[in-house]
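Given next are the chains, with one letter for each unit.
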Amino acid sequence: MALVEIDKAYKHYGSVSVLNGLSLNIEEHQVVCLIGPSGCGKSTLLRCINRLETIQKGEIRLHGDRITGPGVDLDVLRREIGIVFQGYNLFPHMSVIENITLGPLKVLGMDRSEARDKGMALLSRIGLAHKADEFPDRLSGGQQQRVAIVRALMMDPALLLLDEITSALDPELVSEVLDIVRDLAAKGMTMVLATHEMGFAREVADKVCFLQEGVVYEEGPPSQIFGNPQGERTKAFLKRIIDAGRL
Amino acid sequence: MNTSAVLANVERANQWRARSKVRAYGALTWAAFSITAITFLAVAATVISIAQFMIQEGWSTGPVWIAGLVPVALSFLVVAGAAKAARFSSKARSSAEVYEARALGAKAAEASWKTISYSVAFLILCALAWFMVVNDAAVSRTFFDMDLIVRSAVTVIKAFGTNVLIFAVSAVLILVWALVIAIARTLPGEAGRPIRTIAIIYSDLFRGLPAIITIYLIGFGLPLTNLPILKDLSSNAYAIIALTLTYGAYTSEVYRAGIESVHPSQIAAARSLGLSYFRTMRYVIVPQAVRGIIPPLMNNCISLQKDTALVAIIGTIDAFNQSKIIASNNFNLSAVTTVAIIFILITIPQARFVDKLIERDRSKRRSG
Ligand SMILES: Nc1ncnc2c1ncn2[C@@H]1O[C@H](COP(=O)(O)OP(=O)(O)OP(=O)(O)O)[C@@H](O)[C@H]1O
Ligand SMILES: [Mg+2]
């Protein structure tokens, strides 16, 4: 059984339909990359998986248990599924260490020193232990995004959703963030990435999904999608990417 | 580049040089000089007539004339400033060096505007001074009877303690109560609707109702209701209840504006860590909301201090009521002036403080 099964999900905002019966399985320890043109629904799909948004039809299952529909404890669900946003969304009134320990302290009921130790350990792993008491606006974009990833990891999620985590960063900061993702992938973290970094998707993904008009138009291992795409649309999309020099 | 294009560029450069000439601001400096001269005469005339009046009233001659000399001397300085501006202007006109001439012209303009604005200020002060002394100094006698002000000061300041008490207790209650209302107003979803609606009705109602009417209705109404406890509170307590209800409505709007100014992505980030709605509010949204709303909260606080004087209507012996009693015993309003002075002395520093906070906030945003 897959960790997450998305079964014919539909989502529309008013008259704009974004997901059109999209189905997708995410296996344990798998890194799934979502690619596709801007506006094709990558962010929406991620936000539906952790229920920041609600699908109108179809269902999504976590560990085989349905998490769409009424009566799901969202606060518990979100401990299982962490998300990191494009805009980091750190809490500006809290220091780095306060940002990353808020969840463990208030949601998991961890005690203060234990949370701090765990936080410091993760910060050292990403080389930011010396910034623990800084406030987010004193950090570079890349550092903020790394802290945001640590904040999600502090909850020990079973699945981590990463929504274009490098697209707000200057090119020279991108690699420091991607290094962490690579590291997590090596440690077996299950992740879904929405990304425009095709080179990285090709390197790190176990499965690449090309989204088009609210469905997974083509999915497969990176060697297939990037090397030998089957669908016409996939080919056209990749040609545009290659012409733009992004692969 | 072909010849016609080169010629066009030369033409363009010539046009620019022709247009950007030196400005000497001759007319402006003349206007400034005339205005300051007229002001000087007006100030002198005002000082002479007021001084004569005061001497007539029995003030001693020496000090009155010496005090009168000060404004006259100051307005003469302004005239001197205008003369200096005129000198800059004429130098600018005769200077052969373009950049130097421009600098002189700019100096002339700035000095002229400065003297004009000082003159306007002087003229306003003159008008006020005339207002005080016309009609045999009726205005100063009515409002500024120094003797009565000094005599009433102690009694009035004691009564001001009541205002301070009412203010202090209601301020604390308002801060808490308004936050409750603000959170009620921002409750999400279908489940929150009834409470949201009630909160909206409450705040519309009490923002629409003049504070003086709320105080009147509560101060005189509750005792008539025969409700246990509520019917026999002190008039101070009624005043506190009424002010809390009124200002709670206003202040909740301030809080709400603060809450809504926090970007929704902060809610998404907090909720996706598994924080419940109320914890998100408590740890993430409200702390950020509070930062931006300190100036408007302080403004409300100043306004609350002033409105404690409204409780006079239900018979509370606050500073205003006390001074009214003294005023009617003496057939002179100067005791009320005492209260006015107290309120002004207390609120002006706070108003300055708020302005400073806002300024500091703005410069922080500019630099950051
Ligand atoms: N809250 C919303 N209300 C209305 N329409 C929305 C909303 N959120 C997203 N949409 C629409 O849904 C579509 C998909 O948006 P989404 O953000 O999922 O795209 P995306 O694939 O993440 O694009 P990008 O690569 O630019 O981030 C877009 O057409 C967008 O306009
Ligand atoms: Mg997106």
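Residues numbered from 1 in each chain as written. Chains lettered and ligands numbered in written order. Predicted model: local features only at pLDDT ≥ 70, side-chain atom pairs only at ≥ 80, totals over all residues. Heavy atoms only, no water.

**A closer look at the sheet that holds strand β5 (residues 65-66) of chain A**
Residues and elements named next belong to chain A. Test applied: We call two strands paired when DSSP finds no fewer than two bridges between them. Every helix listed is a DSSP run of H or I at least four residues long, and every strand listed is a run of E at least two residues long, numbered separately from the N terminus. Should any heavy atoms of two residues lie within 4.5 Å, those residues are counted as being in contact. To define axes, lines are fitted to C-alpha atoms, for helices over the stretch in contact only, and angles between the resulting N-to-C directions are given on a 0 to 180 degree scale.
Spatially, four strands are ordered β2-β1-β4-β5 in an open sheet, and the strand pairing comes out antiparallel. The open sheet has two edge strands with one neighbour each: β2 (16-26) and β5. Here two bridges tie strand β4 (residues 57-62) to β5, and the two strands are oriented antiparallel to one another. Counted as the bridge partner of Arg 61 is Arg 66 from β5. The sheet strands contacting helix α1 (residues 42-49) are β1 (4-13), β2 and β4, and the helix crosses β2 at an angle near 60°.

**Observations concerning a nonpolar patch on the surface**
Residue and element names in this part refer to chain B. This is how it is decided: For patches, a residue must show more than 30% relative accessible area and have no salt bridge; joins then use 9 Å for like charges and 5 Å for nonpolar side chains, namely Val, Leu, Ile, Met, Phe, Trp and Tyr. Working definition of accessibility: Shrake-Rupley area with a 1.4 Å probe, residue cover restricted to the visible protein chains. Salt bridges are counted wherever a side-chain nitrogen of Lys or Arg sits within 4 Å of a carboxyl oxygen of Asp or Glu. Burial classification: accessible surface area is computed with a 1.4 Å probe over protein chains only, and a residue below 20% of its type maximum counts as buried, one above 50% as exposed, and the rest as partly exposed.
Taken together, the side chains of Ile 212, Ile 213, Tyr 216, Leu 217, Phe 220 and Ile 313 present a nonpolar region at the surface, about 520 Å² in accessible area. Topologically, Tyr 216 is positioned in helix α7 (residues 211-225). In this structure Tyr 216 comes out as partly exposed when scored by relative accessible area, which is 41%.

**Regarding a positive patch on the surface**
Residue and element names in this part refer to chain B. Convention followed: His is not counted, nor are the chain ends, whereas Lys and Arg count as positive and Asp and Glu as negative. Note on charges: their place is set at NZ of Lys, CZ of Arg, CG of Asp or CD of Glu.
A surface patch of positive charge is lined by Lys 84, Arg 87, Lys 91, Lys 107 and Lys 114. Of all the elements in the fold, those that place two or more residues in the positive patch are α3 (61-94) and α4 (98-143). For the positive patch, the leading source of residues is α3, giving three residues. For Lys 114, the location among the structural elements is in helix α4.

**Concerning the interface of chain B and chain A**
Rules: By buried area we mean the combined loss of accessible area, with a 1.4 Å probe, across both parts when two parts are placed together. Nitrogen and oxygen atoms within 3.5 Å of one another constitute a polar contact, given that in protein one can donate a hydrogen and the other can accept it, and given that sequence-neighbouring residues count only through two side-chain atoms. Each residue gets one of three labels, nonpolar for Ala, Val, Leu, Ile, Met, Phe, Trp, Tyr, Cys and Pro, charged for Asp, Glu, Lys and Arg, and polar for the others, Gly among them.
The interface is formed by 17 residues belonging to chain B together with 20 residues belonging to chain A. Note on chain B versus chain A: buried area summed over both sides is about 1700 Å², and carbon and sulfur give 63% of it. The largest share of the area that chain B buries against chain A comes from B:Ser272, B:Leu273 and B:Tyr283, three residues that together contribute 35% of it. Put simply, chain B and chain A have one salt bridge between them. With its nearest N and O atoms 3.5 Å apart, the salt bridge here joins B:Arg271 to A:Asp75. Between the two partners, chain B and chain A, sit six residue pairs in polar contact (both at pLDDT 80 or more). Listed by contribution, the elements that provide at least two residues to the side of chain B that touches chain A are α9 (264-271) and α10 (277-292) of chain B. For the side of chain B that touches chain A, a count of residues per class yields eight nonpolar, six polar and three charged.

**A short note on the nonpolar core**
Put simply, the rule is: The term nonpolar core refers to a set of buried residues drawn from Ala, Val, Leu, Ile, Met, Phe, Trp, Tyr and Cys, joined through side-chain atoms within 4.5 Å.
A:Ile6, A:Leu24, A:Leu34, A:Leu45 and A:Leu159 are the most contacted members of the largest nonpolar core, which has 58 residues in total. By residue number, the principal contributor to this core is α10(B), which donates seven residues. Apart from the residues lying within four places of it in its own chain, the contact partners of A:Leu24 are A:Val4, A:Glu5, A:Ile6, A:Leu34, A:Leu45, A:Lys207, A:Cys209, A:Val216 and A:Glu219. Core analysis: the next-biggest nonpolar cluster, separate from the first, contains 49 residues, A:Leu169, A:Ala201, A:Phe226 and A:Leu238 among them.

**A few points about the UniProt feature "transmembrane region" (unreviewed entry) in chain B**
Test applied: UniProt positions are given in the numbering used here, feature names are shortened, and annotations may be inferred rather than shown by experiment.
In this structure's numbering, the residues bearing the UniProt feature "transmembrane region" (unreviewed entry) are residues 27-51, 63-83, 120-144, 164-184, 205-224 and 333-354 of chain B. In residues 120-144 of chain B, the share of helix is 96% and the share of strand is 0%. The end C-alpha atoms are 26 Å apart.

**Looking at the site of ligand 1**
Residues and elements named next belong to chain A. Short version of the rule: One heavy atom within 4 Å of a molecule or strand is enough for the residue carrying it to be called near that molecule or strand.
Surrounding ligand 1, one finds Tyr 13, Val 18, Ser 38, Gly 39, Cys 40, Gly 41, Lys 42, Ser 43, Thr 44, Glu 164 and His 196. Measuring from an oxygen atom of ligand 1, one finds a backbone N or O atom of Gly 41 at 2.9 Å. Between ligand 1 and Ser 43 there is a distance of 2.6 Å, counted from an oxygen atom to a side-chain nitrogen or oxygen. Considering each element in turn, the shell around ligand 1 owes the most residues, three residues, to α1. Across the shell around ligand 1, the residue classes break down as three nonpolar, six polar and two charged.

**A few points about the UniProt feature "domain: ABC transmembrane type-1" (unreviewed entry) in chain B**
Under the UniProt annotation, "domain: ABC transmembrane type-1" (unreviewed entry) lies at residues 160-354 of chain B. Overall, residues 160-354 of chain B shows 79% helix and 0% strand. The separation of its end C-alpha atoms is 23 Å.

**As for the packing of aromatic side chains**
Residue and element names in this part refer to chain B. Selection criterion: Here a Phe, Tyr or Trp ring, Trp counted by its six-membered ring, pairs with any other such ring whose centre lies within 6.5 Å, and the pair is stacked when the planes are under 30 degrees apart, edge-to-face when over 60, and tilted otherwise.
Taken as a whole and judged by the stated rule, the model has ten aromatic pairs over all chains. Between Trp 30 and Phe 33, the ring centres sit 6.1 Å apart and the planes meet at 85°, which makes this aromatic pair edge-to-face. Here the residue Trp 30 and the residue Phe 33 both occupy positions in helix α2 (residues 26-56), the gap between them amounting to three residues, near one helical turn. A relative accessible area of 29% means that Phe 33 is categorised as partly exposed. An angle of 75° between the planes, with centres 5.7 Å apart, marks the rings of Trp 177 and Tyr 202 as edge-to-face. Of this pair, Trp 177 sits in helix α5 (residues 146-185) while Tyr 202 sits in helix α6 (residues 193-208), placing them 25 residues apart in sequence.

**A few points about the pattern of salt bridges**
Scanning the model with the defined rule gives 26 salt bridges over all chains in all. The closest approach of N and O atoms between A:Arg125 and A:Asp183, which form a salt bridge, is 3.7 Å. Taken together, the positions of A:Arg125 in helix α4 (residues 112-125) and A:Asp183 in helix α6 (residues 171-186) put the pair 58 residues apart, joining distant regions of the chain. Looking at A:Asp183, the relative accessible area reads 31%, which means it is partly exposed. Here B:Glu253 ties to B:Arg256 by a salt bridge, and the two come within 3.0 Å at their closest N and O atoms. Of this pair, B:Glu253 and B:Arg256 both sit in helix α8 (residues 235-261), separated by three residues, roughly a single helical turn.

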